[in-house]
Amino acid sequence: MRTVRALWGSTHPGPTLVVTTLALTLGLAVGLEPWRLAMLTLAVFAGQVSIGISNDALDAARDRAVGRTDKPLARGDVSLRAAWGAASVALLVALALSAPLGWRMLAAHALFLGSAWAYNAGLKSSVLSIVPFIVSFGIFPSLATLSAPDPVFAPGWAWIAGAALGSAVHLTNVLPDLDDDARTGVRGLPHRLGARVSAVLAASAVLAGGIAVLLGTSGGDLARVSLVSWLFFAGVVVVAGWTIVRALARPPARVLFRLVMVAALLLAAQLVASGAALAG
């Protein structure tokens with residue numbers, strides 16, 4: 001049980017559950033039948049487990065160097081061999097669960113996972129660190145629409161919203177760890193831009209994503225947008241706008257990370273609320 005707990009702690013449980021829940025709600029929004037919804041949700045969950053554990057396995061030496069006692073692998077609670085075994089099995093399970101939903105879903109999920117693993121394997125330390133987030137989250141809404149009996153890719157505005165969401169997550173997810181990363185040689189795009197610029201760009205990306213969903217679902221006629229979508233969009237505007245003002249007016253602080261995450265969750269909710277338009 002200690003090994004299981006340590007492996008679960010290495011999956012980045014928070015993001016894993018959030019992304020899995022987003023897949024579930026998108027599947028519900030596009031009207032997937034129960035077995036397809038279950039396969040989609042479990043496939044995404046397994047994929048997120050593989051991404052999280054492989055990330056911590058690759059970062060174990062760096063985490064030990066900066067004293068990350070919150071990381072099970074850095075503490076030695078589980079071996080690297082066990083971690084790589086679990087990550088590999090989870091990856092295979094994710095692909096196996098995607099296969100019954102069709103080759104398009106399998107290919108899209110494989111792209112999502114390959115992009116994320118590429119980030120873990122080295123892109124996180126380059127100026128291109130944001131690219132895997134744009135690719136993976138850009139295609140993410142299509143995982144739900146491609147799981148339907150008549151598979152289709154999500155419309156362009158959903159790709160834009162997903163990519164904007166992924167960009168915001170990346171630009172802010174590393175903000176609390178900028179100093180530790182600098183000590184161990186990790187210099188992705190946010191590290192090069194700095195905390196203030198990264199926060200402003202992240203908030204701007206969320207705002208752009210909200211506008212894309214609003215215009216995409218309306219087809220140019222804003223009267224067609226549901227009240228729920230308007231409410232989520234208003235939340236995105238308020239929180240993202242406040243984040244930008246806060247970032248420009250005061251020194252960078254951890255509150256910027258929290259604000260952008262709230263705005264990103266509102267964008268995700270706005271995307272889910274557009275389910276009917278998402279399914280075409």
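Residues numbered from 1 in each chain as written. Predicted model: local features only at pLDDT ≥ 70, side-chain atom pairs only at ≥ 80, totals over all residues. Heavy atoms only, no water.

(A) The arrangement of the overall build of the chain in detail. If you tally the helices and strands in the chain, you get 14 helices and zero strands. Counting helices and strands in the order they occur from the N terminus, the chain gives α-α-α-α-α-α-α-α-α-α-α-α-α-α. The C-alpha atoms of the chain give a radius of gyration of 19 Å, which matches the 19 Å a tight globule of 280 residues would have. Evaluated residue by residue, the chain yields a buried proportion of 50% over its 280 residues. For the chain, the share of sequence-separated contacts (at least 6 apart) that also reach a separation of at least 24 residues comes to 74%. With the model as given, the accessible surface of the chain reaches about 12,200 Å², and the carbon-plus-sulfur share is 69%. (Helix = DSSP H or I, 4+ residues; strand = E, 2+ residues; numbered from the N terminus. Rg over C-alpha atoms; globule rule 2.2 N^0.38 Å. Buried < 20%, exposed > 50% of the residue type's maximum accessible area, 1.4 Å probe, protein only. Contact = heavy atoms within 4.5 Å. Areas by Shrake-Rupley, 256 points an atom, 1.4 Å probe, with all protein chains shown as cover.)

(B) Representation of helix H12 (residues 227–249). The terminal C-alpha atoms of H12 lie 33 Å apart, and with 23 residues this matches the ideal 33 Å at 1.5 Å per residue to within 8%. Those residues of H12 that are buried are in contact with helix H11 (195–218) and helix H13 (254–273). (Expected span 1.5 Å × (residues − 1).)

(C) How the structure looks around unusual backbone geometry. A positive phi angle is found at His12, which is not glycine, with a value near 60°. For His12, the position within the fold is in the loop between helix H1 (2–9) and helix H2 (13–29).

(D) Structural detail: the environment of Leu215. Along the chain, the position of Leu215 falls in helix H11. Counting along the chain gives 112 residues from Leu215 to Trp103, while the straight-line C-alpha distance between them is 31 Å. Leu215 has contacts with Gly220 and Leu222, leaving out every residue within four places of it along the chain.

(E) Broad picture of the side chain of Asn55. For Asn55, the location among the structural elements is in helix H3 (residues 34–65). For Asn55, a relative accessible area of 10% corresponds to the buried category. In this view, Asn55 contacts His12, Tyr119, Asn120 and Lys124; residues no more than four positions away in its chain are not counted.

(F) Structural view of the pattern of salt bridges. Evaluated as defined, the whole model comprises six salt bridges. Note that Arg36 is salt-bridged to Glu33, the shortest N-O span being 3.1 Å. A residue is classified by how much of its surface remains accessible, and Glu33, at 34% relative accessible area, is partly exposed. Asp59 is the salt-bridge partner of Arg62, the closest N and O atoms lying 2.3 Å from each other. Of the two residues, Arg62 and Asp59 both sit in helix H3, three residues apart, roughly one turn of that helix. Assessed through its relative accessible area of 26%, Arg62 is described here as partly exposed. Salt bridges here are not isolated pairs; linked through shared partners, they connect Arg2, Arg75 and Asp77. (Salt bridge = Lys/Arg side-chain N within 4 Å of Asp/Glu carboxyl O.)

(G) Quick peek at the packing of H2 against H3. Remark: H2 packs on H3, axes separated minimally by 9 Å, with the N-to-C direction vectors making an angle of 160°. The angle between H2 and H3 places the two elements in the roughly antiparallel class. Considering how the two elements wind past one another, H2 and H3 form a crossing that is right-handed. Along the contact surface, H2 presents Pro15, Thr16, Leu17, Val19, Thr20, Ala23, Leu24, Gly27 and Leu28, while H3 presents Leu37, Leu40, Thr41, Val44, Phe45, Gln48 and Val49. Classifying every residue of the contact of H2 with H3 by side-chain character gives 11 nonpolar, five polar and no charged. (Axes fitted to C-alpha atoms, helices over the stretch in contact; angles between N-to-C directions. Parallel < 35°, antiparallel > 145°, perpendicular 65-115°, else oblique. Left-handed = near helix turned anticlockwise from the far one by under 90°. Nonpolar A, V, L, I, M, F, W, Y, C, P; charged D, E, K, R; others polar.)

(H) Representation of the packing of aromatic side chains. Taken as a whole and judged by the stated rule, the model has nine aromatic pairs. Considering the side-chain rings of Trp84 and Trp117, the 6.2 Å spacing of their centres and the 50° angle between planes classify their relative orientation as tilted. Of this pair, Trp84 sits in helix H5 (residues 80–98) while Trp117 sits in helix H6 (residues 103–121), and the two are 33 residues apart along the sequence. Here Trp84 falls in the partly exposed class, since its relative accessible area comes to 30%. Overall, Trp117 belongs to the partly exposed group, its relative accessible area being 22%. Summarising the aromatic geometry, the rings of Phe133 and Phe137 are spaced 6.3 Å apart at their centres and angled 5° between planes, so their arrangement reads as stacked. (Phe/Tyr/Trp six-rings, centres within 6.5 Å; stacked < 30°, edge-to-face > 60°.)

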